[in-house]
Amino acid sequence: TTILEQGNINIHTENIFPIIKKWLYSDHEIFLRELVSNAVDAIQKLSMVARAGDFSGDITNPEIEITLDKDKGTLSVCDTGIGMTADEIKKYINQVAFSSAEEFISKYKDNADQPIIGHFGLGFYSSFMVASRVEIDSLSYQEGATAVHWSCDGTTQFELSDSDRSQHGTTITLTLMEDEKEYLEPARIRQLIKTYCDFMPVPIKLDGEVVNQHEALWKKSPSSLSDDDYLEFYRYLYPFQEDPLLWVHLNTDYPFVVNGILYFPKLQPDIDVTKSHIKLFCNQVFVTDNCEEVIPRFLMPLRGVIDSSDIPLNVSRSFLQNDRTVRRIADYIARKVADSLKQLYRSDRKQYVRSWQDLGTFVKFGSLNDEKFKQQVEDILIFRTTANLSQAQGDSAKVEVESGGDDVWQEVSANEESATDQRGYHYTTLKEYLERNKDRHENRVFYATDEVSQATYIELHKSQGLEVLFMDSFIDTHFVSFLEREYSDIKFSRVDADLDDTLVDREQDSEIVDPTTNKTRADQIKELFEQALNKPKVNIKPQALKGDATAPPAMVLLPEATRRMQEM
Ligand code: ADP
Ligand code: MG
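Just so it is clear, the structure is predicted and the values come from calculations on it, not from any experiment. (Residues numbered from 1 in each chain as written. Chains lettered and ligands numbered in written order. Predicted model: local features only at pLDDT ≥ 70, side-chain atom pairs only at ≥ 80, totals over all residues.)

## A look at the overall build of the protein
Part 1: For the protein, the helix and strand inventory stands at 17 helices and 22 strands.
Part 2: When each of the 568 residues of the protein is scored for burial, the buried share is 34%.
Part 3: Here the analysis covers contacts within the protein between residues at least 6 apart in sequence; of these, 66% occur between residues at least 24 apart. (Helix = DSSP H or I, 4+ residues; strand = E, 2+ residues; numbered from the N terminus. Buried ≥ 20, exposed ≤ 12 C-beta atoms within 10 Å, placed from the backbone. Contact = placed C-beta atoms within 7 Å.)

Here it is as structure tokens:
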């Protein structure tokens, strides 16, 4: 084919402008986030320029000041940053969707310490969502620069003139529209700064007072932080909540940048596991606390912050574009969480066991939902057991109990198999269980799902010297079938079903004939049960139990399959 013509596609500004203002951003309020982000960038840029030796003025007290003027109906954001010349305004402001970030970073990349927030070259125009007129007063840091004034009333026309600004930096002044007067209320602005700008690295003042400025703890090196720092930060983020059980500090630069701190909270019974409580940031700018895509579903009950400049945000920053990086970040987070659990299991088994009621739910949900996670944590999955593992520890440990009292014992056993929870219960992994019991019953696990209603059966097993695991939390119902699928060579027997010769003896004298009725004892018992249960078809084998006198004299046992059918 022959090319007839080549050329550039044009955008008709009058028509595209209203679309940008109306549809690009999800929420009017984010205009403030955008203006403050630009101000932060301007300040960061000036410090990079200074570090490169291209500016020798004072940069020691950078600040952003927000001023509200009810009489004039204006809101202004003033920074002490790099400023703009008239040419730069023409280049970066008058050209929609053109950011200076890339150009600037390529020039000063060696002097970067904070990343630049700007990216799309569209944030500035979000101010027209709330303002009928936007004005810029700016003085560039460059020697001999003159201050400029730019003004635009929301059409595609602008005006440039002189300004009397005498200090480097920029002031953006919005004349708010009639419907947007809420942004003249200091309380509203304070709330917006707290939400979006709380962790930005420059003081933001309103009425002369600094509003933001809690340190972005996640940007610091984990080795410089104490437990108290982490706890204090948690209390700041989630006031009036119980302290968390443990936390993970995420810190990676490659192959993507992710920083953050994730906390494991104590699980409240009414916790909504479908809602994420983690706050997502991008270069310390708050994006959303609704980051389902970045957090694997099973980790939803976690709390804390994730900050990543590599999470691909759309222009409005309010939601994520679904792509491969997001999935890789999610995988990375899951892996780090598993690592920290393994680390705790190894270094402080007592604390691990004591937190298990809460942690166990994460771990089991994770195993059910994520094969990779399951592989990582399968060796640290523990179950409460009827076995008294402190006895299994041998004599030296017992001597400690007797001679040293509780405290010494706890210290000695802190990292041993025998660590107990708050109620003194012992816990074991499946592997340890199978190993301990392999002589009695190979590849077979006895478990109970309800300590109260199955008490007799649990006692029965105990009296036979058989170890029973408790799988009695709400998630265990699913988890047992999951374990059966995962470990198909292991037989899982619920204590009240399917007992076999490991447990019961056909009682010798069940064949004895009762002289008054002329029936065998077995038949008598059978009849009794049939009458009592009113189910003549039930196959009843009267069986007596091995073991001590407290064991019940006989039991009706349903086949495991029947029991499950009944439950369903
Ligand atoms: P972005 O921040 O994504 O680059 P914006 O539309 O928010 O896009 O801003 C466009 C450009 O205008 C910025 O890249 C920057 O060069 C310039 N600019 C905006 N606000 C300021 C400011 N307060 N000080 C200096 N330059 C600014
Ligand atoms: Mg911007």
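## Some remarks on the site of ligand 1
Part 1: Of all residues adjacent to ligand 1, which total 21 residues, the nearest are Ala42, Ser99, Ser100, Gly118 and Gly123.
Part 2: Sorting the residues of the shell around ligand 1 by element identifies α2 (30-51) and α3 (86-93) as the ones contributing at least two each.
Part 3: The greatest single-element share of the shell around ligand 1, amounting to 4 residues, is contributed by α2.
Part 4: A class-by-class count of the residues in the shell around ligand 1 yields 10 nonpolar, 9 polar and 2 charged. (Near = placed C-beta within 6 Å. Nonpolar A, V, L, I, M, F, W, Y, C, P; charged D, E, K, R; others polar.)

## A closer look at the pairing of strand β3 (residues 131-139)
Part 1: Summarising the sheet, β3 and strand β6 (residues 169-176) pair through 8 bridges and their orientation is antiparallel. When the sheet's bridge partners are listed, Ile136 is paired in β6 with Ile172.
Part 2: Here 5 bridges tie β3 to strand β4 (residues 148-152), and the two strands are oriented antiparallel to one another. Note on β4: the bridge partner recorded for Asp137 is His149. (Pairing = 2+ DSSP bridges.)

## Brief notes about the UniProt feature "domain: Histidine kinase/HSP90-like ATPase" (unreviewed entry) in the protein
Part 1: Following the UniProt record, one finds the feature "domain: Histidine kinase/HSP90-like ATPase" (unreviewed entry) at residues 27-180.
Part 2: Helix and strand shares over residues 27-180 are 25% and 25% respectively, and the end C-alpha atoms of the span are 12 Å apart. (UniProt positions renumbered as here; feature names shortened; annotations may be inferred.)

## Quick look at the sheet that holds strand β16 (residues 444-448)
Part 1: Ordered in space as β15-β14-β17-β16-β18, the 5 strands form an open sheet in which the pairing is mixed. Of all strands in the sheet, those with a lone pairing partner are β15 (426-429) and β18 (491-494), marking the two edges. On average, adjacent strands in this sheet sit at an angle of 45° to one another, irrespective of strand direction.
Part 2: As paired elements, β16 and strand β17 (residues 468-470) share 3 bridges and run parallel to each other. Its bridge partner lying in β17, Tyr447 is registered against Leu469.
Part 3: Packing of helix α13 (residues 430-437) onto the sheet brings it into contact with β14 (382-385), β15, β16 and β17, and relative to β15 it is tilted by some 90°. (Axes fitted to C-alpha atoms, helices over the stretch in contact; angles between N-to-C directions.)

## A word on unusual backbone geometry
Outside of glycine, negative phi angles account for most residues, and trans bonds account for most peptide bonds.
Part 1: Here the amide bond leading from Tyr254 into Pro255 is cis, since omega sits at 5°, within 30 degrees of zero.
Part 2: Considering the arrangement of structural elements, one finds Pro255 in the loop between β9 (246-252) and β10 (258-264).
Part 3: With a phi close to 60°, Phe240 is a non-glycine residue in the positive phi region.
Part 4: Inspection of the secondary structure puts Phe240 in the loop between α6 (227-237) and β9.

## Notes on the sheet that holds β9
Part 1: The 5 strands are arranged β9-β10-β13-β11-β12 in an open sheet whose pairing can be described as mixed. Among the strands making up the open sheet, the edge pair consists of β9 and β12 (285-288). Each strand axis lies, on average, 20° off the axis of its neighbour in the sheet, ignoring direction.
Part 2: Contacting β9 and β10, helix α7 (residues 324-347) runs over the sheet at an angle of about 135° to β9.

## Some words on the nonpolar core
Part 1: With 117 residues, the main nonpolar core has Val36, Ile204, Ile261, Leu262, Phe281, Leu299 and Ile306 as its most contacted residues.
Part 2: At 12 residues, α2 tops the list of elements feeding residues into this core.
Part 3: Setting aside residues up to four positions removed in sequence, Phe281 forms contacts with Phe199, Phe286, Val287, Val305, Ile306 and Asp307. (Core = buried A, V, L, I, M, F, W, Y, C linked by C-beta atoms within 7 Å.)

## Comments concerning the environment of Ser473
Part 1: Here Ser473 lies in the loop between β17 and α15 (476-486).
Part 2: You can call Ser473 partly exposed: it has 15 C-beta atoms within 10 Å.
Part 3: With 112 residues separating them along the chain, Ser473 and Thr361 place their C-alpha atoms 8.5 Å apart.
Part 4: Not counting the four nearest positions on each side in its chain, Ser473 is found in contact with Gly360 and Thr361.

## Side note on the UniProt feature "binding site: ATP" (unreviewed entry) in the protein
Part 1: Mapped onto the present numbering, the UniProt feature "binding site: ATP" (unreviewed entry) falls on Glu34, Asn38, Asp79, Met84, Thr170 and Arg317.
Part 2: Within the secondary structure layout, Asn38 lies in helix α2.
Part 3: By the C-beta count within 10 Å, which is 21 here, Asn38 ends up buried.
Part 4: If sequence neighbours within four positions are ignored, Asn38 has contacts with Gly118, Gly123 and Phe124.

## Observations concerning the pairing of β16
Part 1: With 4 of its 5 residues buried, β16 lies for the most part within the structure.
Part 2: In the sheet, β16 pairs with β18 via 4 bridges, with the strands oriented parallel. Opposite Val445, over in β18, you have Phe492 as the bridge partner.
Part 3: Regarding the hand of the β-α-β motif, the stretch spanning β16, helix α14 (residues 455-463) and β17 is right-handed. (Right-handed = clockwise from strand over helix to strand, strands pointing away.)

## So, the environment of Met177
Part 1: Among the structural elements, Met177 can be located in the loop between β6 and α5 (186-196).
Part 2: Met177 sits in the partly exposed class, given 17 other C-beta atoms within 10 Å.
Part 3: Expressed as a C-alpha distance, the spacing of Met177 and Tyr263, which sit 86 residues apart in the sequence, is 42 Å.
Part 4: Ignoring anything within four residues of it in the chain, the contact list for Met177 reads Val130, Ala131 and Ser132.

## Here's the deal with the confidence of the model for the protein
Part 1: Per-residue pLDDT for the protein averages 85, and the proportion of residues at 70 or more is 84%.
Part 2: Note on residues 392-416: pLDDT is under 50 here. Beyond four places in sequence and across chains, it has 19 contacts.
Part 3: Prediction confidence for the complex, expressed as pTM and ipTM, is 0.82 and 1.00 respectively. (pLDDT = per-residue confidence, 0-100.)

## Topic: the environment of Lys431
Part 1: As for its position among the elements, Lys431 is in helix α13.
Part 2: Along the sequence, Lys431 and Ile380 sit 51 residues apart, while their C-alpha atoms lie 9.8 Å from each other.

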